[in-house]
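Observations on chain architecture
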Amino acid sequence: MPERRVVIVGGGLVGSLAACYFAKRGWAVDLFEKRPDIRRPEHSSLAEHRSINLAISERGLSALRRLDPALEARVKELVIPMHGRMIHALNGQQSSQRYDVFGKHINSVGRATLIRLLLDEAAGYPGVTLHFCHEFLHADFDAGQAVFGDLARAGERVAVDADLIVGADGAFSRVRQRMLSKGTMNYSQTYIEHGYCEFSMAPRHGDFALDPNHLHIWPRGTFMLIALPNPDRTFTCTLFMPWTQFHALGADGDIVPFFRAHFPDALRLMGEDKVRAEYAAHPKGSLMYVKCSPHTYTNRAVLLGDAAHAMVPFYGQGMNCGFEDVESLDRIMTRILREAGKADNRTAALTGEQLRRALDEYSATRSVDTSAIVDLALENYVEMRAKVVDYAYLARKHLEGLLHRLFPRQVIPLYTMVSFTSIPYAQVIRKWNRQTLWLHRSIKTTAIAAAVGGAMLLMRLLGWPVQPLRSLARMAAGQA
Ligand SMILES: Cc1cc2nc3c(=O)[nH]c(=O)nc-3n(C[C@H](O)[C@H](O)[C@H](O)COP(=O)(O)OP(=O)(O)OC[C@H]3O[C@@H](n4cnc5c(N)ncnc54)[C@H](O)[C@@H]3O)c2cc1C
Ligand SMILES: *[C@@H]1O[C@H](CO)[C@@H](O)[C@H](O)[C@H]1NC(C)=O
Ligand SMILES: *[C@@H]1O[C@H](CO)[C@@H](O)[C@H](O)[C@H]1NC(C)=O
């Protein structure tokens, strides 16, 4: 069998997982990453260019498990479980909102730790070559060639042949740019009016300053502070806020009065001097989302992870969705191989025509689902910064939790479907809409029944005939 070669652009979370999958399926893999190798101590700080930690949940874990259950087990040893949200009121009062009635939880994990682990894992497969300090410049997809600049050699050009080019080069993907220039792709990129800044919260008396098994939120309506635990007993806190408010504070304005007014308990734990210094030193990140369709170009190129679907971080699904991309592509490729009568899972043996079918199917199904989670992530910002303290929201949440306990398959809360199942995202939205409709109807019927029941009781007491109301009640029940 001739060697099948895949070039993966980007050695972030998704690119390094994709390298493992392709190698396991018999492909020769060349992974190109523009940054130096963050596994080397002298480059370790480069890893922290973005959020320091993130939440991994079922979809991400499922992709690790399919590759190798031992890998999932190793990742699980590195995480801190978060069982719910801890809501911090202005007066310092904390209240816990569990994520799931059956105790399912999400997990905080260090970004750099996870990338290092996945790069090590990829390097362990025969057939994988990692090229650091190589920046993707352009590609001729039809000819199967990608060109990189070797940053360690003054940008010297390196041309590489590939049967398949994987763009895992993040939200500002240059591979995507090249695909766009083919003129066959729908594409949109949107910046939201909010930005973020990270802070740290040191341990207190050698222990976590807050309950480590929660994702802490200080919801303040139009903005919020959140905190996720790290294994070194610190918390990473992130302030999300409209740019207008960042600007109102001024370029070198004092953030401390703002914290004192809105997050006094957090400020006490973080320390005024540290908050001031970190606000001045840390970059302010922008928040954007990307949708594109298709995710593929013929049988020559595919976008995975943020390159295909950058999203705002409010559902904790960006990486999870990217990992699920990799699993989903692998499922389709192995199925098509099986249908062609080969049972060994070595997708490197797919013919060009079969690969084309696999990529077409992947894009057709996946682009609908990634578009759905991009929307859900956007909506969840409002939930986190405002709705978590809203009574109607909390009432529905409780009712749904109860119904989920009674009918675990029929009624599933939205957060549970997204974070604790692998139900395709688009299907999640459909199921959620059906449930909402059904809930509203049931509530209406219950209210009508209660009103009618009350009226009947009153009429009995007064000795009036109740027959007409009975039929009204039957009609209301029938309508629901
Ligand atoms: C504040 C914040 C919080 C988040 N929290 C969560 C969370 O809790 N849970 C979650 O699942 N997700 C979260 N995310 C999203 C998550 O970070 C991304 O979805 C994830 O990093 C995507 O991985 P990726 O490998 O696709 O892209 P990236 O992580 O962006 O990696 C892309 C890689 O490609 C390299 N690269 C770029 N251009 C080139 C080039 N031209 N040539 C060669 N290499 C190149 C980059 O150096 C980088 O290493 C969060 C994001 C942010 C910003
Ligand atoms: C692009 O968008 C248009 C309009 O929404 C749609 O009709 C078309 O099918 C889309 N094309 C792809 C490739 O998704
Ligand atoms: C093919 O992959 C599936 C899913 O990972 C696995 O259950 C099966 O055992 C694999 N078959 C072979 C021959 O490796």
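Residues numbered from 1 in each chain as written. Chains lettered and ligands numbered in written order. Predicted model: local features only at pLDDT ≥ 70, side-chain atom pairs only at ≥ 80, totals over all residues. Heavy atoms only, no water.

1. Considering the overall build of the protein chain
In terms of regular secondary structure, the protein chain is built from 16 helices and 19 strands. With respect to the principal axes defined by its C-alpha atoms, the protein chain has extents near 95 × 65 × 40 Å. Within the protein chain, the fraction of its 480 residues that count as buried is 52%. (Helix = DSSP H or I, 4+ residues; strand = E, 2+ residues; numbered from the N terminus. Buried < 20%, exposed > 50% of the residue type's maximum accessible area, 1.4 Å probe, protein only.)

2. Observations regarding the site of ligand 3
Neighbouring residues of ligand 3: R66, A343, D344 and N345. For ligand 3, the protein covers 39% of the area, taking 360 Å² as the surface of the free molecule. Class assignment of the residues belonging to the shell around ligand 3 gives a composition of one nonpolar, one polar and two charged. (Near = heavy atom within 4 Å. Areas by Shrake-Rupley, 256 points an atom, 1.4 Å probe, with all protein chains shown as cover. Nonpolar A, V, L, I, M, F, W, Y, C, P; charged D, E, K, R; others polar.)

3. Thoughts on the packing of aromatic side chains
One pass over the full model with this rule turns up 21 aromatic pairs. Relative to F240, the ring of Y196 has its centre 5.9 Å away and its plane inclined at 35°; by these criteria the two rings are tilted. One end of the pair, Y196, is in strand β13 (residues 186-201); the other, F240, is in strand β16 (residues 235-242), with 44 residues separating them in the sequence. Comparing Y196 with F240, the two get one shared label, buried. With 6.3 Å between their ring centres and 70° between their planes, F240 and Y381 make a pair best called edge-to-face. With a gap of 141 residues between them, F240 in strand β16 and Y381 in helix α12 (residues 352-385) connect regions that are remote in the sequence. The same class applies to F240 as to Y381, namely buried. (Phe/Tyr/Trp six-rings, centres within 6.5 Å; stacked < 30°, edge-to-face > 60°.)

4. Considerations on the pairing of strand β3 (residues 53-56)
Alternating residues of β3 divide into N53 and A55 and L54 and I56, and every residue in both groups is buried. Where β3 and strand β7 (residues 106-110) come together, four bridges link them in antiparallel fashion. Bridge pairing links A55 to S108 in β7. (Pairing = 2+ DSSP bridges.)

5. What about the pattern of salt bridges?
With the rule as written, the count across this model stands at 31 salt bridges. For R260, the salt bridge identified is with E272, shortest N-O distance 3.3 Å. Of this pair, R260 sits in helix α7 (residues 256-262) while E272 is found in helix α9 (residues 272-281), placing the two residues 12 residues apart along the sequence. A residue is classified by how much of its surface remains accessible, and R260, at 45% relative accessible area, is partly exposed. Among the charged side chains, a network of salt bridges with common partners joins E58, R65, E72 and K76. (Salt bridge = Lys/Arg side-chain N within 4 Å of Asp/Glu carboxyl O.)

6. Description of helix α2 (residues 58-67)
Counting buried positions along α2 gives seven out of 10 residues, so the element sits mostly inside the fold. Every buried residue of α2 is accounted for by R59, G60, L61, S62, A63, L64 and L67.

7. Points about the site of ligand 2
Close to ligand 2 lie N186, S293 and P294, which account for all nearby residues. Separating an oxygen atom of ligand 2 from a side-chain N or O atom of N186 is a distance of 2.3 Å. Between S293 and ligand 2, the recorded distance is 2.7 Å, taken from a side-chain N or O atom to an oxygen atom. Surface burial for ligand 2 is 28%, taken as the share of its 360 Å² of free accessible area covered by protein chains. (Polar contact = N/O pair within 3.5 Å; in protein donor to acceptor, adjacent residues only side chain to side chain.)

8. Some details on the sheet that holds β7
As summarised here, the arrangement of the three strands in space is β3-β7-β4, forming an open sheet in which the pairing is antiparallel. Whereas interior strands pair on both sides, the edge strands pair on one side only; in this sheet they are β3 and β4 (80-82). Strand-to-strand, the axes of this sheet are offset by a mean angle of 35°, without reference to chain direction. In the sheet, β4 pairs with β7 via three bridges, with the strands oriented antiparallel. Residue M82 lies in a different strand from β7, and its bridge partner there is I106. (Axes fitted to C-alpha atoms, helices over the stretch in contact; angles between N-to-C directions.)

9. With respect to the UniProt feature "transmembrane region" (unreviewed entry) in the protein chain
Cross-referencing UniProt, the feature "transmembrane region" (unreviewed entry) maps to residues 6-23 in the present numbering. Helix makes up 61% of residues 6-23 and strand makes up 22%, while its end C-alpha atoms are separated by 9 Å. (UniProt positions renumbered as here; feature names shortened; annotations may be inferred.)

10. What to know about the side chain of T347
Mapped onto the fold, T347 is located in the loop between α11 (318-339) and α12. Overall, T347 belongs to the buried group, its relative accessible area being 0%. Beyond its immediate stretch of four places on either side in the chain, T347 contacts R4, R25, W27, M333, T334 and L337. (Contact = heavy atoms within 4.5 Å.)

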